[in-house]
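What follows is the residue order along each chain.
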Amino acid sequence: MQLPDSQIKASFDLVENPVSFISSYLKNQSFTAVFVLTDRNTRRHCLPLIKEALPKSTVIIQIPAGEMHKTLDSCSAVWEKLTAKNADRKALLINLGGGMIGDLGGFCAAAYKRGIAFVQMPTSLLAMVDACLGGKTGVDFGGFKNQIGAFAQPEAVWIYQPFLKTLPETELLSGFAEIIKHALIADAPAWHLLRKRELKNQNWSELIPASLQVKKQIVEIDPFEKGERKKLNAGHTLGHALESFLMKKGNPHPHGHCVAAGLVMEGRIAVEKGLLPENELIQIEELVYALYGIIPFSRTDVPAILRLCQQDKKNEAGKVRMALIGPIGNCTTDVEATEADLKMALRYYLG
Ligand SMILES: NC(=O)c1ccc[n+]([C@@H]2O[C@H](COP(=O)([O-])OP(=O)(O)OC[C@H]3O[C@@H](n4cnc5c(N)ncnc54)[C@H](O)[C@@H]3O)[C@@H](O)[C@H]2O)c1
Ligand SMILES: [Zn+2]
């Protein structure tokens, strides 16, 4: 049964000692079996940190790492394993991994026998501050991202920050872009905290809960993306078009790096529309260029990126609408952007 919107809670636990935390959670529940979904990297780096808490009978399901494996074939492999091990409707699936594992595992759990319990235990920064919360699950299909999926709420979300120690720096940077976005749309104090520090000196214990809090508040107001949740698309209209363009060109760039560029480009549109003060755009640019450099595309690529923007599934009646930041800590949704606005923003980014 679908809960009324107002009853959906996006709660999370900040875990200090994962072994005692998970042991006592499992002791207090009556799951008939525990399954843990990992990819190769999270099995190697993260599973050992929680293994002691898991019952001896726990079944580890491993699927290949990477977005290209966020597919129905991987779901089949998960469902086959659950079936082979006779998982019943009281089984628990713990998704131990980045956003790929969380999205795919959440979907597998939601569909297996019409739904079993699952816990999100994110291991990448992006998953910790973004993907683990909000109930969006699914897989890519037919060349489209997250084409098949469902809204499904996890039993719990466990944030254990030391997993980040083994996360490659590019992945850390990619996730950091979502922290920057959350600060810019709704948390000006976090913005002023993070913008003064280098990546390696960021205070994750403060930034991760603050960032999760922004996402939590937004998704609790709007669990099914009817209004408020559009704020989370800041930086993503042009960022996502750039990401798709680079992917098609065979020069893929991480999601967060493209979103960071999107924040600058869309920031320019926000300045033109009188939403963002120019000096605040300069602050955003300074941070984004220092951390992410300039993403390589040229003026001749602009028409192709514009076409991708116009195909964005978030558009309504063929109009490009975006969530624009400004002043920092605030965001306006559904602002219509013309082709001229988008062209100007892409050209501005290139300097
Ligand atoms: N559901 C949502 O609301 C939501 C929101 C944002 C993104 N997403 C989805 O999240 C996915 C991207 O997430 P991601 O960036 O975490 O990708 P990912 O899960 O592919 O992880 C990135 C890489 O880091 C590795 N990794 C993860 N944790 C590690 C650790 N602690 N140590 C070493 N290696 C580790 C993974 O094995 C993988 O190779 C996309 O599929 C996107 O669609 C979902
Ligand atoms: Zn994103």
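Reference entry: report on the structure contained in this document.

Criteria and thresholds
- Residues numbered from 1 in each chain as written.
- Chains lettered and ligands numbered in written order.
- Predicted model: local features only at pLDDT ≥ 70, side-chain atom pairs only at ≥ 80, totals over all residues.
- Heavy atoms only, no water.
- Donors = N, O, S within 2.8 Å, 3.2 Å for Na, K, Ca; no water.
- Buried < 20%, exposed > 50% of the residue type's maximum accessible area, 1.4 Å probe, protein only.
- Helix = DSSP H or I, 4+ residues; strand = E, 2+ residues; numbered from the N terminus.
- Pairing = 2+ DSSP bridges.
- Near = heavy atom within 4 Å.
- Polar contact = N/O pair within 3.5 Å; in protein donor to acceptor, adjacent residues only side chain to side chain.
- Areas by Shrake-Rupley, 256 points an atom, 1.4 Å probe, with all protein chains shown as cover.
- Nonpolar A, V, L, I, M, F, W, Y, C, P; charged D, E, K, R; others polar.
- Core = buried A, V, L, I, M, F, W, Y, C linked by side-chain atoms within 4.5 Å.
- Domains from an automatic or database assignment.
- Contact = heavy atoms within 4.5 Å.
- 1 Å grid on protein atoms, 1.4 Å probe; cavity = no way out; pocket = protein on both sides within 12 Å on 5 of 7 lines; lining within 4 Å.
- Points joined across faces, edges and corners; volume = space filled by probe spheres on them.
- Axes fitted to C-alpha atoms, helices over the stretch in contact; angles between N-to-C directions.
- Salt bridge = Lys/Arg side-chain N within 4 Å of Asp/Glu carboxyl O.

Moving on, we come to the coordination of the zinc ion (ligand 2). Each protein donor to the zinc ion (ligand 2) is listed here as Glu178 (OE), His236 (NE2) and His255 (NE2); together their distances run 2.0 to 2.1 Å. Assessed through its relative accessible area of 1%, Glu178 is described here as buried.

What follows is about the pairing of strand 5 (residues 117-122). Most of strand 5 is tucked away, with six of its six residues classed as buried. Alternating residues of strand 5 divide into Ala117, Val119 and Met121 and Phe118, Gln120 and Pro122, and every residue in both groups is buried. The sheet contact formed by strand 4 (residues 91-97) and strand 5 spans six bridges and is parallel. Within the sheet, the bridge partner assigned to Gly97 lies in strand 5 and is Pro122.

This part is about the site of ligand 1. Close to ligand 1 lie 26 residues, the nearest being Asp39, Glu67, Thr123, Ser124 and Thr166. For ligand 1, an oxygen atom lies 2.5 Å from a polar atom in the side chain of Glu67. Here Lys215 contributes a side-chain N or O atom positioned 3.5 Å from an oxygen atom of ligand 1. With the chains in place, 88% of the 860 Å² that ligand 1 exposes on its own is no longer accessible. Counting only elements with at least two residues in the shell around ligand 1, the list comes to helix 2 (40-45), helix 5 (99-111), helix 6 (125-131) and strand 7 (144-151). For the shell around ligand 1, the class distribution of residues is eight nonpolar, nine polar and nine charged.

This part takes up unusual backbone geometry. The omega angle of the peptide bond from Gly326 to Pro327 is -20 degrees, so this bond is cis rather than trans. Here Pro327 lies in the loop between strand 9 (320-325) and strand 10 (331-337). One non-glycine residue with positive phi stands out, namely Lys113, at about 50 degrees. On the secondary structure map, Lys113 appears in the loop between helix 5 and strand 5. Look at Lys113 and you get partly exposed, because its relative accessible area is 44%.

The next thing to look at is the pairing of strand 6 (residues 136-141). Both strand 6 and strand 7 contribute to a ladder of five bridges, which runs antiparallel. Across the sheet, Lys136 pairs through a bridge with Phe151, a residue of strand 7.

This part takes up the nonpolar core. Generally speaking, nonpolar side chains in soluble globular proteins are found buried as a group. Judged by nonpolar contacts, the single largest core of 97 residues is most densely connected at Leu125, Phe176, Ile180 and Trp204. Among the elements that line this core, the one with the most residues is helix 11 (residues 255-272), at 10 residues. Taken domain by domain, the makeup of this core includes at least three residues from each of domain 1 (5-166) and domain 2 (172-350). If we skip the residues at most four places from it in the chain, Phe176 touches Leu125, Leu194, Leu199, Gln202, Trp204, Leu207, Leu291 and Tyr292. Counting 22 residues, the second-largest nonpolar core is a separate cluster that includes Val78, Ala87, Tyr112 and Val139.

Turning to empty space enclosed by the protein, a few remarks are in order. Sizing a probe to match a water molecule and rolling it over the atoms shows the empty space that remains. Throughout the structure, instances matching the rule amount to five cavities of 30 Å³ or more. Asn95, Gly97, Gly98, Gly99, Ile101, Gly102, Gln120, Met121, Pro122, Ala127, Ala131 and Cys132 together form the lining of the largest cavity. Looking at the lining of the largest cavity, the elements with two or more residues in it are strand 4, helix 5, strand 5 and helix 6. Considering only residue class, the lining of the largest cavity consists of six nonpolar, six polar and no charged.

This part covers the sheet that holds strand 8 (residues 156-159). Taken in spatial order, the six strands line up as 1-8-5-4-2-3 in an open sheet, and their pairing is parallel. Looking at which strands have only one partner, the edges of the open sheet turn out to be strand 1 (13-14) and strand 3 (59-63). Bridge count for strand 1 against strand 8 is two bridges, and the pairing is parallel. When the bridges of strand 8 are listed, Asp13 appears paired with Trp158. Lying over the sheet, helix 1 (residues 18-27) contacts strand 1, strand 2 (33-39), strand 4, strand 5 and strand 8, oriented at roughly 165 degrees with respect to strand 8. Sitting on the sheet, helix 5 touches strand 2, strand 3, strand 4 and strand 5, and the angle it makes with strand 4 is about 165 degrees.

The next point concerns the pattern of salt bridges. Overall, the coordinates contain 13 salt bridges when judged by the stated rule. Notably, a salt bridge pairs Glu228 with Lys231, separated by 3.1 Å at the nearest N-O pair. The salt bridge partner of Arg268 is Glu278, with a shortest N-O separation of 3.0 Å. Placement of Arg268 in helix 11 and of Glu278 in helix 12 (residues 278-292) is noted, with a sequence separation of 10 residues between them. Using a relative accessible area of 10% as the deciding quantity, one classes Arg268 as buried.

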